[in-house]
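# Descriptive analysis of the structure
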Amino acid sequence: MAKLNVNGVVREFEAEEDTPLLWVIREQLGLTGTKYGCGVAQCGACTVHIDGEPTRSCVRPVSTVTAEQKITTIEGLSKDGSHAIQKAWAALDVPQCGFCQSGMIMAAAALIREKPKATDADIDAAMTNICRCGTYNRVRAAIHVVVKGGDPNSAGLNIQHVEGSKA
């Protein structure tokens, strides 16, 4: 039986060598936050971190990941949604349909870890995920919220929440 270190827990699984990591994560380990989008590493819905690097798991054969490497999925980013990027995402109502959001959040978290003062050029280079709803302006704003210290009002969006409070 093969092993993977996912979200800090070493887990056993059985799969063919060429099985995409995504399918082991979703089907064998039951972590369904990581999504299947395109299957060719273009959309980014399947983004996870391997040793801190954002990785498109839909094309990564599971046999290329060792038990020593640390995989982090959206479920492992924070147990309660307390990661700064998750808080900004919620404060700015970034998702519409939400399908791409786990991959977007994982890519944004990696960017902020690597470049805590990310510029628009850094965001453009790092955020290659596809959002069919077109929430790119809110994604950029959420990243800026974190870069600027966490105040949603600093993002420049005037978002009215359903209950009437402003973000």
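Above: the structure in question.
Read on for an overview of the structure. (Residues numbered from 1 in each chain as written. Predicted model: local features only at pLDDT ≥ 70, side-chain atom pairs only at ≥ 80, totals over all residues. Heavy atoms only, no water.)

Time to look at the sheet that holds strand 5 (residues 70-72). Taking strand neighbours across the sheet as the criterion, the 5 strands line up as 2-1-5-3-4 in an open arrangement whose pairing is mixed. The open sheet has two edge strands, strand 2 (9-13) and strand 4 (53-56), and neither has a second partner. When strand polarity is set aside, the average angle formed by the axes of neighbouring strands in this sheet is 40°. In this sheet, strand 2 lies alongside strand 1 (residues 2-6) in antiparallel orientation, the contact comprising 5 bridges. By the bridge assignment, Ala-2 is partnered in strand 2 with Phe-13. Along the sheet face, helix 4 (residues 101-114) touches strand 3 (47-50), strand 4 and strand 5 and points at about 40° away from the line of strand 3. (Pairing = 2+ DSSP bridges. Helix = DSSP H or I, 4+ residues; strand = E, 2+ residues; numbered from the N terminus. Axes fitted to C-alpha atoms, helices over the stretch in contact; angles between N-to-C directions. Contact = heavy atoms within 4.5 Å.)

Soluble globular proteins: nonpolar side chains tend toward being buried together. Leu-77, Ile-85, Trp-89, Met-104, Met-127, Val-139 and Ile-143 are the most contacted members of the largest nonpolar core, which totals 27 residues. Counting residues per element, the ones that place at least two in this core are helix 2 (74-77), helix 3 (84-91), helix 4 and helix 6 (136-147). Other than its neighbours up to four places away in sequence, Ile-143 contacts Ile-85, Ala-108, Leu-111, Ile-112, Ile-123 and Met-127. With 13 residues, the next largest nonpolar core counts Leu-4, Val-6, Leu-21 and Ile-71 among its residues. (Core = buried A, V, L, I, M, F, W, Y, C linked by side-chain atoms within 4.5 Å. Buried < 20%, exposed > 50% of the residue type's maximum accessible area, 1.4 Å probe, protein only.)

It is worth spelling out helix 3 at this point. Those residues of helix 3 that fall on the buried side of the exposure criterion are Ile-85, Gln-86, Ala-88, Trp-89 and Ala-91. Looking at the buried residues of helix 3, the elements they touch are helix 2, helix 4 and helix 6. Backbone geometry just downstream of helix 3 places Asp-93 in the positive-phi region, at approximately 50°.

Right, let's talk about unusual backbone geometry for a bit. Even without a glycine there, the phi angle at Asn-7 is positive, about 55°. The residue Asn-7 is located in the loop between strand 1 and strand 2 in this model. Backbone geometry at Asp-93 places phi at a positive 50°, although glycine is not the residue there. Within the secondary structure, Asp-93 sits in the loop between helix 3 and helix 4.

What follows covers the pattern of salt bridges. Counting across every chain of the model gives 3 salt bridges. Across the salt bridge formed by Lys-115 and Asp-122, the nearest N and O atoms sit 3.3 Å from each other. According to the relative accessible area criterion, Asp-122 is buried, its value standing at 18%. The partner of Asp-120 in a salt bridge is Arg-140, and the shortest N-O contact between them spans 2.8 Å. (Salt bridge = Lys/Arg side-chain N within 4 Å of Asp/Glu carboxyl O.)

All right, on to the pairing of strand 1 then. Here strand 1 folds back onto strand 2, and the loop between the two strands holds 2 residues, one of which, Asn-7, carries a positive phi near 55°. Strand direction decides the pairing type here: strand 1 and strand 5, joined by 2 bridges, are parallel. Bridging across to strand 5, Asn-5 finds its partner in Lys-70.

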